[in-house]
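Close look at the chain arrangement
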Amino acid sequence: MDNGLETADLRLAQRLADLRQQRAWSLEELAQRTGLSRATLSRVERAETSPTASLLNRLCAAYGLTMSRLLSEIEDEPPELLRPPQQPVWVDRASGFHRRSVSPPAALYKAEFIEARLDAGAQIDYDLPSISALEHHLWLLSGQLELTLEGRVFRLSPGDCLRYRLFGASRFHVPGDEPAHYTLVICRP
């Protein structure tokens, strides 16, 4: 693992521990709120393991944060102009999900712009949105993407754009033999 990823993982672990402590929640209480085991939560907070996208989503839901907002909190205050090397990238090594915060969220803004790549054959299941009623605009740039939203299946091809509000479970699946590359704009309600 390169030094940049190690540092980001350590800052993320510390931020997750800080969020729990700010709420005066025990690991047991957080486990009940997320459905995750105390042991898993403890390992994540001690940076012994990197959280998957699904696990991070459950934590974001418990804390009432979008994933972008949580990840931006471990970065310095974002400038107005972000060049590609400044855009934070988070990788879920378990699923092959690469997430670049093109425009990290700031306190006064409601929209977040994300570039994502999901490896061929990968699947990510989210039990619930981090914040209910988030508005999403997903534009598929290349590959194929099957998106299941609360039981409805959408099969996207390059150039397709899907707009939706998320209230329940979702699944991102790449059925083809090439990665799915897409952009996603998320707007808080």
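Residues numbered from 1 in each chain as written. Predicted model: local features only at pLDDT ≥ 70, side-chain atom pairs only at ≥ 80, totals over all residues. Heavy atoms only, no water.

**Structural notes on the pattern of salt bridges**
Oppositely charged side chains can pair when the atoms bearing their charge come close. We apply this condition: Salt bridge, as used here: a side-chain nitrogen of Lys or Arg that lies within 4 Å of a carboxyl oxygen of Asp or Glu. Exposed residues in this analysis have more than 50% of their type's maximum accessible area, buried residues have under 20%, and partly exposed residues fall in between, with area computed by a 1.4 Å probe over protein chains only. For the purposes of this entry, the term helix denotes a DSSP run of H or I that reaches at least four residues, the term strand denotes a run of E that reaches at least two, and both are numbered from the N terminus.
Under the criterion given, the structure shown has eleven salt bridges. Put simply, Arg117 and Asp119 hold a salt bridge, and the shortest N to O gap is 2.8 Å. Arg117 gets classed as partly exposed once you look at its relative accessible area, which sits at 29%. The class for Asp119 is partly exposed, based on a relative accessible area of 29%. Put simply, Arg165 and Glu135 hold a salt bridge, and the shortest N to O gap is 3.7 Å. Of this pair, Arg165 sits in strand β8 (residues 161–166) while Glu135 is found in strand β5 (residues 134–142), placing the two residues 30 residues apart along the sequence.

**Here we look at the sheet that holds strand β3 (residues 111–118)**
So the rule is basically this: Strands qualify as paired when DSSP identifies two bridges or more between them. Where helices are involved, their axes are fitted lines through C-alpha atoms of the stretch in contact, as for all axes, and angles between N-to-C directions lie from 0 to 180°.
Reading across from one edge, β1-β2-β3-β10-β5-β8 is the order of the six strands in this open sheet, with antiparallel pairing throughout. Bordering the open sheet on either side are β1 (89–92) and β8, each of which pairs with just one other strand. Sheet twist, expressed as the average angle between the axes of neighbouring strands with direction ignored, equals 20 degrees. Pairing geometry for β3 and strand β10 (residues 180–187), over eight bridges, is antiparallel.

**Some thoughts on the UniProt feature "domain: HTH cro/C1-type" (unreviewed entry) in the protein chain**
Here is the rule: UniProt positions are given in the numbering used here, feature names are shortened, and annotations may be inferred rather than shown by experiment.
Taken from the UniProt record, the annotation "domain: HTH cro/C1-type" (unreviewed entry) applies to residues 16–70. Annotated as 69% helix and 0% strand, the span residues 16–70 places its first and last C-alpha atoms 9 Å apart.

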